[in-house]
Amino acid sequence: MTRYGPMFGPDYTFLGVPACDWQTPATYADTDVVIVGAPFDGGTSHRPGARFGPQVIRGTDYLPHDGSRPHMAMRVDALTGDLTVKDAGDLEVFSGEIQRSCTVIEDAVAFISANGAIPLILGGDHTITWPDATGVSRTHGKGRIALIHFDAHADTGDIEFGSLYGHGQPMRRLIESGAVRGDRFLQLGLRGYWPGPETLDWMADQRMNSFHMSEIVERGLDAVLDSAFEIAMDDCDGVFLSVDIDVCDPGHAPGTGTPEPGGLTARQLLDAVSRICQELPVVGMDIVEVSPPFDHAEITAMLGNRVVLEALSGIARRRKDGDGPRWKRSTPLLEGRGTRPEQPGQSVGE
Ligand SMILES: [Mn+2]
């Protein structure tokens, strides 16, 4: 095995799941999801530190790192039994070399995807979504995947600080290359003061779908997700899910580089990620911008860990249910009997 391991600190896997080597497909044959770290923050425009994101997302949990996490409500264990997950460690990315790092990431993601697993990339700053989604599109086809993007910022800048590549520009580069269609971009949670009018005009020209925080507040998150799902599944075969942790309010995710007040709650983000992974064919995912040096009491690190778990549990539930109706969050508890696993043929909640 030529596994590179971690760029920083000891070699542990996401909550103790088995290790694999992304360059050796035999080490992840029949594996549903391969987690890989991209500890790159060389594209950060403001506070750095997201290079330390992968290790804290992997390990920040008070429960044993035993490779098992039965989801109390959804009745699936996404780490063992109902889904097979392995962790390939980090990719070797030097934060001083953006283009070389992005090439490494794109090739690894494309290879994992071509070998039949869903790549789940732990960032790193948001620059990496450019190679992440490009890599997945190399397997699934240019313009064939929709991109659901949670973020305070649109990340559609053209040239920032004199560079074409950085954490404010990945979405523009993806649309320009044709990897993702502008009109199959679903952005949720935008707010604040960036980008400016010129970039917003460009986004409108691309027919991007941006659901601002104000719209989520007015219509409700579920209604907005319903609209987004309809567009995402129109003439696309799969979804790439990109979660910038700064979509959450800084009170819920302080450890990030460019915090913007007035965002989603942690609860809303977890519910949204769960719904997406249950209801849509997710073929790739990344979680980015967790910056431990700016975190407090591991609030952001814990949320990052739970976003990954909620996504995996949603994927596991979808695999179990097939493409049928999604598991209902409103399933009533059985009064006085606790909550029991739903058995086939047994009616629950009557
Ligand atoms: Mn972003």
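Residues numbered from 1 in each chain as written. Predicted model: local features only at pLDDT ≥ 70, side-chain atom pairs only at ≥ 80, totals over all residues. Heavy atoms only, no water.

Using the following cut-off: UniProt positions are given in the numbering used here, feature names are shortened, and annotations may be inferred rather than shown by experiment.
Per an unreviewed UniProt entry, the chain goes by Agmatinase and derives from Actinoplanes lutulentus. In its Sequence similarities (unreviewed entry) section, UniProt records this for the chain: "Belongs to the arginase family. Agmatinase subfamily."

1. Notes on helix H5 (residues 197–205)
So the rule is basically this: Any residue under 20% of the maximum accessible area for its type is buried, any over 50% is exposed, and the rest in between are partly exposed; the area is computed with a 1.4 Å probe on protein chains only. Where helices and strands are cited, they refer to DSSP runs of H or I of at least four residues and of E of at least two residues respectively, numbered from the N terminus. Our arc is simply the arc of the directions from the helix axis toward the C-beta atoms.
For H5, the full list of buried residues reads Thr199, Trp202 and Met203. Taken down its axis, H5 places every buried residue within 100° of arc, on the same side. Exposed and facing more than 90 degrees away from the buried side of H5 are Pro197, Glu198, Ala204 and Asp205. Positioned one or two residues after H5, Arg207 has a phi angle of 60°, which is positive.

2. Let's talk about the sheet that holds strand S2 (residues 85–90)
Through backbone hydrogen bonds, the strands of a sheet pair up, either in parallel or in antiparallel fashion. Going by this rule: When DSSP finds two or more bridges between two strands, those strands count as paired. Axis lines are fitted to C-alpha atoms, over the contacting stretch for helices. Their N-to-C directions set the angle, which ranges from 0 to 180 degrees. Whether two residues are in contact is decided by their heavy atoms: any pair within 4.5 Å suffices.
Ordered by their spatial adjacency, eight strands build an open sheet running S2-S1-S3-S8-S7-S4-S5-S6, and the pairing between neighbours is parallel. Of all the strands in the sheet, just S2 and strand S6 (209–212) have a single pairing partner and so form its edges. Each strand of the sheet is rotated relative to its neighbour by a mean of 15°, with strand direction disregarded. Two strands pair when backbone bridges link them, and strand S4 (residues 145–150) and strand S5 (residues 185–190) are joined in this way by four bridges, in the parallel orientation. The residue bridging Phe150 from the neighbouring strand is Leu188, located in S5. Along the sheet, helix H4 (residues 170–177) makes contact with S4, S5 and strand S7 (238–244), crossing S5 at roughly 165°.

3. Observations regarding the environment of Ile118
Within the fold, Ile118 resides in strand S3 (residues 118–123). With sequence-adjacent residues up to four places away left out, Ile118 is seen in contact with Asp32, Val33, Val34, Val282, Val283, Gly284, Ile315 and Arg319.

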